[in-house]
Amino acid sequence: SSGINAEYGGGHITDDWDRRLCKTYLEEYMKPEMLEGELLLAPGFNIPGSMDYQSYHVYLDEELPPETPYLYGLHPNAEIGFLTMTSENLFRTVLEMQPRDTAGGGAAGMTKEEKVKGLLDEILERLPEEFNMMEMAGRTEDRSPYTVVAFQECERMNMLTSEIRRSLKELDLGLKGELTISNEMESTMNSVFLDRVPGNWSARAYPSVLPLGAWFADLLLRIKELEGWTTDFALPNVVWLAGFFNPQSFLTAIEQSTARKNEWPLDRMVLSVDVTKKWKEDFNSPPREGSYVHGLFMEGARWDSQSGMIADSRLKELTPACPVMFVKACTVDRQETKNMYECPVYKTKERGPTFVWTFNLKTKEKPEKWAIAGVALLLSA
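This structure is a prediction, so every number in the text was calculated from the model and none was measured. (Residues numbered from 1 in each chain as written. Predicted model: local features only at pLDDT ≥ 70, side-chain atom pairs only at ≥ 80, totals over all residues. Heavy atoms only, no water.)

**Section: the sheet that holds strand β10 (residues 340-346)**
The criterion, for reference: Should DSSP find at least two bridges between two strands, the strands are regarded as paired. Think of it this way: any DSSP run of H or I at least four residues long counts as a helix, any run of E at least two long counts as a strand, and we number them from the N terminus. The axes used here are C-alpha line fits, helices contributing only the stretch in contact, and every angle between their N-to-C directions lies in the interval 0 to 180 degrees. Residues are treated as being in contact if the distance between any of their heavy atoms lies within 4.5 Å.
Spatially, β6-β12-β10-β11 is the arrangement adopted by the four strands of the open sheet, whose pairing is mixed. Taken across any chain shown, the strands that pair with only one partner, and hence form the sheet edges, are β6 (297-299) and β11 (355-362). Adjacent strand axes in the sheet meet at a mean angle of 35 degrees when their direction is disregarded. Sheet topology note: the β10/β11 ladder contains seven bridges and is antiparallel. If you follow Pro344 over to β11, its bridge partner there is Thr358. Along the sheet face, helix α2 (residues 16-29) touches β10 and β11 and points at about 145 degrees away from the line of β10.

**Details of the pairing of strand β9 (residues 325-331)**
The criterion, for reference: Think of it in three bands: with a 1.4 Å probe and only protein chains considered, a residue is buried below 20% of the maximum accessible area for its type, exposed above 50%, and partly exposed in between.
Burial analysis of β9 places six of its seven residues in the buried class, which makes it a mostly covered element. Strand direction decides the pairing type here: strand β5 (residues 291-294) and β9, joined by three bridges, are antiparallel. Within the sheet, the bridge partner assigned to Val293 lies in β9 and is Met325.

**Thoughts on the layout of surface pockets**
Spelled out, the test is: The way it works is a 1 Å grid over only the protein atoms, where trapped points that fit a 1.4 Å probe form a cavity and open points with protein on both sides within 12 Å along at least five of seven lines form a pocket, and then any residue with an atom within 4 Å of a point lines it. Grid points are joined across faces, edges and corners, and a volume is the space filled by probe spheres set on the points. Here the nonpolar group is Ala, Val, Leu, Ile, Met, Phe, Trp, Tyr, Cys and Pro; Asp, Glu, Lys and Arg are the charged ones; every other residue, Gly included, is treated as polar.
Computed from the structure, the largest pocket encloses a volume of approximately 1500 Å³. In terms of lining residues, the largest pocket is bounded by 47 residues, among which Met85, Glu299, Lys349, Glu350 and Arg351 are the most central. Mapped by element, the contributors of at least two residues to the lining of the largest pocket are α2, α4 (77-96), β10 and α12 (367-372). Considering every element that reaches the lining of the largest pocket, the biggest residue donor is α4, with 10 residues. In terms of residue class, the lining of the largest pocket is built from 25 nonpolar, 11 polar and 11 charged. Of the pockets and cavities examined, the second largest pocket occupies roughly 480 Å³. What lines the second largest pocket is a set of 22 residues, and nearest its centre among them are Tyr29, Pro43, Tyr70, Gly73 and Ile372. Residue assignment for the lining of the second largest pocket shows that the elements contributing at least two residues are α2, β1 (40-42) and α12. Of all the elements, α12 adds the most residues to the lining of the second largest pocket, at four residues.

The structure is reproduced here in structure tokens:
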């Protein structure tokens, strides 16, 4: 019962993945072997025998190994990632505390306004026109699940690009002195100056941890991907799963189209994932059923193409890219569950609310090892 209290009573369990991790810790460490003193609580750290309170203190001081990720079942890369993120946050805070209004304080003697104006002009110049939804609808009679997803994605993209264009044109007028600078314009200007995505853009976008320059380059790639798909509405040979506002809708469309084709009930459908040994460039056509997807990265472990299974990370390879995955749908009774790790897929490293789906991946080792190591797939490195 103390295990159940630990799991549910502390208020720290925020989702099912937290629950699985706590449950796995309990199952791995609360074992009958503990009473026989035959269990390692961590690499090189035996369970202490029966002793008094003071002796436990002495045992811990003398025997407990130094604190490392290994102690918690994590890979050393986890510490590298954590320290990198901490450093980035520190430098970002220092940058934001710098005085911004001093003339000549910017790059190459530019004022803040001049720098923002230069970036603003560049973004407006490179931002493509919105998708013509009426013209697109007239080009195809097809209303398959995939085409519906394509239309929804184009509508979302239009909302985002029109807001970018509106807010930047408004800010441009403000910088020229033709409009009074409002709080919103001030906020957009500060964000652009600090290489951050303005809040009114990210509210209409997708979760991302990229700075503004990289975020805008990524946005242009997403638009290009949509333009390619909506030219003839044929499913791309390999779909860039990370390029969607809503990847779940595309994965659901795989289930829907397979269910319709085979006249299977939709509520019995699940996805099965085969990791291929090939990369995007190696495919010349889409599969007859399902979809090839690319753009996934693994954190906490890596995919070993030779064995076709999850393997331990290599040092300093924090989020290695995975080969193309073949995602297809089947009925729940045909789903393979043996020697599988239920791997969560997230949009960003922040995980939590950016959860997308669960992919079952083959493993030779116990799935619990990967659960404790926090292994997940990410749609952005």
